[in-house]
Amino acid sequence: MLSPLAASLLVLRLPDVGVAGYWRLLELVESPQQLLSQPVQSWRSFLNPAAAEMLARFNSDPEGSDVGQKLAAELAYIESQPGLHCLTYDDPLYPRLLREIPRPPPLLYVRGDPTCLSLPQLAIVGSRNPSGGGSENAERFAHYLAERGFAITSGLALGIDAAAHRGALRAGGKTIAVMGTGIDLIYPSRHRQLAQEIVDNGGTLVSEFPLGTSSHASNFPQRNRIISGLSGGTLVVEAAVQSGSLITASYALQHDREVFAIPGSIHNPLARGCHQLIRQGATLVETAQDIVDQLAGLLSYKRQEVKSARAAQPELFAEPAVVDEGPQLGEDERSLLQALSYDPLPVDLLAERTGLDVGNLSAQLIGLEIKGLIQQVGACYQRL
């Protein structure tokens, strides 16, 4: 029998199935494996003639059929690529927030650290041809939010997307790039270095599209639903009224996520999309702290979620050994614990005292909080 991953890949590669067809099929059977175990005649009631015929050829000659050869090549590629993961919907690492959207991606290709997908995320999107002020706002907001514990999610496109990714990287934080191509093709090609920096700094590249998928215009609206689905909120920096950024914001509203918009000059055509969103109920933001204040609950919830995940599936989270004297601490944890006081201290002061970059500092704080040695008080931390 095929593995869950192989069965899902096979069903998704059938003619005219796609994401919508996949979930319609899953309303009739419990899993792709169960579908493939059905008699040939029953497939014809589930699938169109071309898909049923392709499955029949695979069933009679798995290794020799066209779809069987493509499936074998794709599985071999996934296996051969260090740092490449393929998450099925039932995988424990599949992000919970993305599961909540209508018809989520059945499969996610992830290059980099897949646990990043469960971090508290803020999507930053906007024009591919922003003003200088727009690019600066995107980078500064991303930098500030990454320092406060958010992973920054965007689409690896030119303009605002790239500025957001770079702002998070400059802060030493994590950033997630959701691609409109196959995971093996970087688009635009000039962002290959940026994509590598994202992975090298602990972030991820994500795609739901099959390997080798090029940059078709229809892919990007589909990609945008993943950007909003992964994130607790979406910030639109600059956007025209008719733009992909407003599609992302629309998905965010459909997913019951927060939408933020930065206002601009009435003479700037790239501000009109943001003004339209504000009229429709998006939160007007003037500083990044406005977003932190509104999404503080998400950060707290995610910390609690990490605690629960560690308790339920400790094998997925490598906890340090514990001895009778108390939890074992790494060098950075000991340094941070020494810098902390029994009075609440802000993160920027802790960074100054310890010399730790903000990304590492945030990770150490969560670790000490899980071990019961510190607690968060508002935006500050104190020893217990």
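The structure under discussion appears in the preceding block.
Right, let's walk through the structure included here. Given the structure is predicted, the values throughout are model-derived calculations rather than measurements.

**Some details on the overall build of the chain**
And step 1. Of regular secondary structure, the chain possesses 17 helices and 14 strands.
And step 2. In terms of overall size, the chain behaves like a compact globule, its C-alpha atoms giving a radius of gyration of 23 Å where 384 residues would be expected to give roughly 21 Å.
And step 3. Summarising its shape, the C-alpha atoms of the chain cover approximately 70 × 65 × 35 Å along the three principal directions.
And step 4. Scored against the burial criterion, the 384 residues of the chain give a buried share of 47%.
And step 5. Long-range contacts, defined here as pairs at least 24 residues apart, represent 69% of the contacts in the chain between residues at least 6 apart.
And step 6. Surface exposure of the chain reaches about 17800 Å², of which carbon and sulfur atoms provide 50%.
And step 7. Taking the 30 positively charged and 40 negatively charged side chains of the chain as two groups, their mean positions are separated by 5 Å.

**Brief notes about the packing of helix H15 (residues 331-339) against helix H16 (residues 347-354)**
How two helices pack is summed up by the angle between their axes together with the distance between the axes.
And step 1. In the contact formed by H15 and H16, the axes pass within 10 Å of each other and the chain directions differ by 120°. One element, H15, and the other, H16, form an angle in the oblique class. Of the two possible hands of crossing, H15 and H16 adopt the one that is right-handed. Contacts from Ser 335, Leu 336 and Ala 339 in H15 reach Leu 350, Arg 353 and Thr 354 in H16.
And step 2. Grouping the amino acids of the contact of H15 with H16 by side-chain chemistry returns three nonpolar, two polar and one charged.

**Some remarks on the sheet that holds strand S5 (residues 175-178)**
And step 1. Across the sheet, which stays open at both edges, the nine strands sit in the order S1-S2-S6-S5-S4-S3-S7-S8-S9 with mixed pairing between neighbours. Edge positions in the open sheet fall to strand S1 (84-88) and strand S9 (283-284), since each of these has one partner strand only.
And step 2. As paired strands, S1 and strand S2 (residues 107-112) are joined by five bridges and run antiparallel to one another. Paired with Thr 88 across the strands is Leu 107, a residue of S2.
And step 3. This element, helix H1 (residues 4-12), spans S1 and S2 of the sheet and lies at about 115° to S2.

**Notes on the sheet that holds strand S14 (residues 380-383)**
And step 1. Read across the sheet, three strands follow the order S12-S14-S13 without closing on themselves; strand pairing throughout is antiparallel. In the strand order of this sheet, the two ends are held by strand S12 (345-346) and strand S13 (374-377), each with one partner.
And step 2. Both S12 and S14 contribute to a ladder of two bridges, which runs antiparallel. Paired with Leu 345 across the bridge in S14 is Tyr 381.

**Comments concerning H16**
And step 1. Buried within H16 we find Leu 350, Ala 351 and Thr 354. For H16, the angular spread of buried residues about the axis comes to 100°, placing them on one side.
And step 2. Those residues of H16 that are buried lie in contact with H15, S12, helix H17 (358-370) and S14.
And step 3. Looking one or two places after H16, you find Gly 355, whose phi comes out positive at around 75°.

**Overview of the state of the cysteines**
And step 1. Following the criterion strictly, the structure yields zero disulfides and no others.
And step 2. Cys 116 takes part in no disulfide bond, and the closest cysteine sulfur, belonging to Cys 86, lies 17 Å away.
And step 3. Exposure remark for Cys 116: the relative accessible area of 1% places this residue in the buried category.

**Comments concerning the side chain of Glu 238**
And step 1. Within the secondary structure layout, Glu 238 lies in the loop between strand S7 (233-236) and helix H12 (244-254).
And step 2. This buried residue, Glu 238, is left without a salt bridge; Arg 272 holds the nearest opposite charge, at 12 Å.
And step 3. Among the polar contacts listed, one links the side chain of Glu 238 to the side chain of Ser 131, at a separation of 2.6 Å.
And step 4. The residues touching Glu 238, leaving out its near neighbours within four places in the chain, are Gly 126, Ser 127, Pro 130, Ser 131, Gly 134, Asn 268, Leu 270 and Cys 274.

**Points about the packing of H15 against H17**
And step 1. Contact geometry of H15 with H17 gives a least axis separation of 10 Å together with a crossing angle of 80°. Between H15 and H17, the interaxial angle falls into the category roughly perpendicular. Packed against H15, whose contacting residues are Asp 332, Glu 333, Leu 336 and Leu 337, the element H17 presents Asn 360, Leu 361, Gln 364, Leu 365, Gly 367 and Leu 368 at the interface.
And step 2. Each residue belonging to the contact of H15 with H17 can be placed in one class, and the counts come to five nonpolar, three polar and two charged.

**Notes on empty space enclosed by the protein**
Gaps left between atoms show up when a probe the size of a water molecule is rolled over them.
And step 1. Here the structure, examined in full by the defined rule, presents one cavity of 30 Å³ or more.
And step 2. What the largest cavity holds in volume is close to 40 Å³.
And step 3. In terms of lining residues, the largest cavity is bounded by Gly 155, Leu 156, Met 179, Gly 180, Thr 181, Tyr 187, Phe 220 and Arg 223.

**Observations concerning the environment of Ala 339**
And step 1. With respect to the helices and strands, the residue Ala 339 is situated in helix H15.
And step 2. By relative accessible area, Ala 339 is classed as buried at 10%.
And step 3. Here the alpha-carbon distance between Ala 339 and Thr 153, two residues 186 residues apart in the chain, equals 31 Å.
And step 4. Setting aside anything within four residues of it in sequence, one finds Ala 339 in contact with Leu 345, Leu 350, Arg 353 and Thr 354.

**A look at the packing of aromatic side chains**
And step 1. All chains considered together, the criterion is met by four aromatic pairs.
And step 2. Both rings, one in Trp 23 and one in Tyr 89, keep their centres 5.1 Å apart while their planes meet at 75°; by these two values the pair is edge-to-face. Of the two residues, Trp 23 sits in helix H2 (residues 18-25) while Tyr 89 sits in the loop between S1 and helix H7 (96-99), which places them 66 residues apart along the sequence.
And step 3. In this structure Trp 23 comes out as buried when scored by relative accessible area, which is 17%.
And step 4. A ring pair is formed by Tyr 187 and Phe 220, whose centres lie 6.0 Å apart and whose planes are at 50°; its orientation type is tilted. With Tyr 187 in the loop between S5 and helix H10 (192-200) and Phe 220 in helix H11 (residues 219-230), the pair connects residues that are 33 residues apart, well separated along the chain.
And step 5. Clustering of aromatic rings is evident, with ring pairs tying together Tyr 22, Trp 23, Tyr 89 and Tyr 94.
And step 6. A cation over an aromatic ring shows up here: Arg 128 above the ring of Phe 220, its NZ or CZ 5.7 Å from the ring centre.
And step 7. One Lys or Arg, Arg 148, reaches over the ring of Tyr 144 and ends 3.9 Å from the middle of that ring.

Rules used in this analysis
Residues numbered from 1 in each chain as written. Predicted model: local features only at pLDDT ≥ 70, side-chain atom pairs only at ≥ 80, totals over all residues. Heavy atoms only, no water. Helix = DSSP H or I, 4+ residues; strand = E, 2+ residues; numbered from the N terminus. Rg over C-alpha atoms; globule rule 2.2 N^0.38 Å. Buried < 20%, exposed > 50% of the residue type's maximum accessible area, 1.4 Å probe, protein only. Contact = heavy atoms within 4.5 Å. Areas by Shrake-Rupley, 256 points an atom, 1.4 Å probe, with all protein chains shown as cover. Lys, Arg positive; Asp, Glu negative; His and termini not counted. Charge placed at Lys NZ, Arg CZ, Asp CG, Glu CD. Axes fitted to C-alpha atoms, helices over the stretch in contact; angles between N-to-C directions. Parallel < 35°, antiparallel > 145°, perpendicular 65-115°, else oblique. Left-handed = near helix turned anticlockwise from the far one by under 90°. Nonpolar A, V, L, I, M, F, W, Y, C, P; charged D, E, K, R; others polar. Pairing = 2+ DSSP bridges. Arc of directions from axis to C-beta. Disulfide = S-S within 2.5 Å. Salt bridge = Lys/Arg side-chain N within 4 Å of Asp/Glu carboxyl O. Polar contact = N/O pair within 3.5 Å; in protein donor to acceptor, adjacent residues only side chain to side chain. 1 Å grid on protein atoms, 1.4 Å probe; cavity = no way out; pocket = protein on both sides within 12 Å on 5 of 7 lines; lining within 4 Å. Points joined across faces, edges and corners; volume = space filled by probe spheres on them. Phe/Tyr/Trp six-rings, centres within 6.5 Å; stacked < 30°, edge-to-face > 60°. Lys NZ or Arg CZ within 6 Å of the ring centre and 35° of its normal.

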